[in-house]
Amino acid sequence: MNFSKTLTTWYLENKRDLPWRKTTNPYCIWLSEIMLQQTRVAQGLPYYEAFTKEFPTVFDLANANEEQVLKLWQGLGYYSRARNLHATAKHIAHDLNGIFPPDYKNLLKLKGVGEYTAAAIASFSYNEVVPVVDGNVFRVLSRYYNVETDIASAKAKKEFTLLAQEVILKDNPALFNQAIMEFGALQCVPKNPNCDICPLNESCAALSLKKVGELPLKIKTLKVKNRFLNYLYILDNKNKTTINQRTTKGIWHNLYEFPLVETEIFEADEVILELIRNKFDDISEISLMETETIKHKLTHQHLHIKFWKIKRKITLENGLDFESLNKFPFPIVLHNFIENNRF
């Protein structure tokens, strides 16, 4: 219990001033938790503020079209989160009369809501005694209690959840959950934590065993796929261009992009030129727009991107000018390309 009380005392003295901590509204908490998955608070905060301004209620979000949602999400990454967010908002607004499920078990039934998010909403909105277990919690518990379980293993989530359940404050689970996550984010950080100022340093097992840098244990290595993308910025005889909506499942689903030539391995520019020329028989000019390949790293994929400028002799049907491109939701790497090239 000293562990829990020390954590909450530290939290009340050191917590960041964040808007979703000032409410028990499940809509706001759900929105913040979805946005902060795989995202740092500093990056997610402006998006949270933009969403709550544009869509102040779950009904507003439900009634938006998907392009509006994706455009506002642009740059936050992991776009399936935005699509699930939108689908769940429709379900809550239209099927549940705008009322979020009031407990962990039923929150889990919502699309895009996993165990962590359901626990966060249940504890922060309804004060249900259910622990949140994320990367910060893994780290704090594994170090303090010297838990050597591989956090990437199948049994880790259950083991750490049971441990968190033992130490959670039953009379104030919301406070405890906020405290342990914030402690992991600010004090018990992944690399080089300042253990000298840690309020738990006298009882931390990892510190006494000189294992702080070794925990939490993560053995599995992430398999990363390399992809080679050549985007074609096409201009017709009226200086109009064209884009496509990506309809295939996977990254950037339903976002927009320029026509694409993708190869499985790195190919020399001469090979890409030939592939492009084989696609069109009316090219008047073709050039590589950037000499350096743009490298865009995602969790499971490394994208190697080049942009090619192609002038064609035809008039494109439904051709677009530059100003209209900014109306569409693009992956951030394409958005940056458009912003940096005022054609």
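Okay, so let's go over this structure.

### Concerning the packing of helix α5 (residues 66–73) against helix α6 (residues 80–95)
Helix-helix packing is described using two parameters, namely the angle between the two axes and the distance between the axes.
Here is step 1: Viewed as axis vectors pointing N to C, α5 and α6 meet at an angle of 140 degrees, and their least axial separation amounts to 10 Å. Taken together, α5 and α6 sit at an angle that is classed as oblique. Regarding α5 and α6, the two cross each other, and that crossing is right-handed. Residue-level inspection shows Glu66, Val69, Leu70 and Trp73 of α5 in contact with α6, the latter providing Arg81, Ala82, Arg83, Leu85 and His86.
Here is step 2: Class assignment of the residues belonging to the contact of α5 with α6 gives a composition of five nonpolar, one polar and three charged.

### Observations regarding the pattern of salt bridges
Here is step 1: Using the criterion set out here, one finds 10 salt bridges in the structure.
Here is step 2: Between Glu262 and Arg227 there is a salt bridge, and its shortest N-O distance comes to 2.8 Å. Of this pair, Glu262 sits in strand β4 (residues 260–263) while Arg227 is found in strand β1 (residues 225–235), placing the two residues 35 residues apart along the sequence.
Here is step 3: With relative accessibility at 38%, the residue Glu262 sits in the partly exposed group.
Here is step 4: In this structure, Asp321 engages Lys240 in a salt bridge whose closest nitrogen and oxygen atoms are separated by 3.8 Å. You can see Asp321 sitting in the loop between β7 (301–312) and α14 (322–325) and its partner Lys240 sitting in the loop between β1 and β2 (244–245), a full 81 residues away along the chain.
Here is step 5: Owing to a relative accessible area of 30%, Asp321 belongs among the partly exposed residues under this scheme.
Here is step 6: Shared partners join several salt bridges into a network, and the residues in it are Arg16, Arg21 and Glu182.

### Side note on empty space enclosed by the protein
Here is step 1: Across all of its chains, the model carries one cavity of 30 Å³ or more by this definition.
Here is step 2: Approximately 130 Å³ is the volume attributed to the largest cavity.
Here is step 3: Phe183, Cys188, Cys195, Cys198 and Cys204 are, among the 14 residues lining the largest cavity, the residues nearest its centre.
Here is step 4: Per element, the largest residue contribution to the lining of the largest cavity is three residues, and it comes from helix α9 (residues 135–144).
Here is step 5: Of the residues contributing to the lining of the largest cavity, the split by class is 11 nonpolar, two polar and one charged.

### A look at unusual backbone geometry
Here is step 1: Residue Pro216 follows Leu215 across a cis peptide bond; omega there is 0 degrees.
Here is step 2: Even without a glycine there, the phi angle at Asn239 is positive, about 65 degrees.
Here is step 3: With respect to the secondary-structure elements, Asn239 resides in the loop between β1 and β2.
Here is step 4: Unlike most non-glycine residues, Asn254 shows phi in positive territory, near 70 degrees.
Here is step 5: Considering the arrangement of structural elements, one finds Asn254 in the loop between β2 and β3 (256–257).
Here is step 6: Judged by its relative accessible area of 15%, Asn254 falls in the buried class.

### Topic: helix α3 (residues 41–54)
Here is step 1: If you check α3, its first and last C-alpha atoms are 20 Å apart, about what 14 residues at 1.5 Å a residue would give, namely 20 Å.
Here is step 2: Within the sequence span of α3, burial applies to Val41, Gly44, Tyr47, Tyr48 and Phe51. Down the axis, α3 shows its buried residues gathered within 125 degrees of arc, on one side only. Projecting away from the buried face of α3 at angles above 90 degrees are the exposed residues Ala42 and Lys53.
Here is step 3: Looking at the buried side of α3, the elements it contacts are α2 (26–36), α4 (58–63), α5 and α6.

So, how was this worked out
Residues numbered from 1 in each chain as written. Predicted model: local features only at pLDDT ≥ 70, side-chain atom pairs only at ≥ 80, totals over all residues. Heavy atoms only, no water. Axes fitted to C-alpha atoms, helices over the stretch in contact; angles between N-to-C directions. Helix = DSSP H or I, 4+ residues; strand = E, 2+ residues; numbered from the N terminus. Parallel < 35°, antiparallel > 145°, perpendicular 65-115°, else oblique. Left-handed = near helix turned anticlockwise from the far one by under 90°. Contact = heavy atoms within 4.5 Å. Nonpolar A, V, L, I, M, F, W, Y, C, P; charged D, E, K, R; others polar. Salt bridge = Lys/Arg side-chain N within 4 Å of Asp/Glu carboxyl O. Buried < 20%, exposed > 50% of the residue type's maximum accessible area, 1.4 Å probe, protein only. 1 Å grid on protein atoms, 1.4 Å probe; cavity = no way out; pocket = protein on both sides within 12 Å on 5 of 7 lines; lining within 4 Å. Points joined across faces, edges and corners; volume = space filled by probe spheres on them. Expected span 1.5 Å × (residues − 1). Arc of directions from axis to C-beta.

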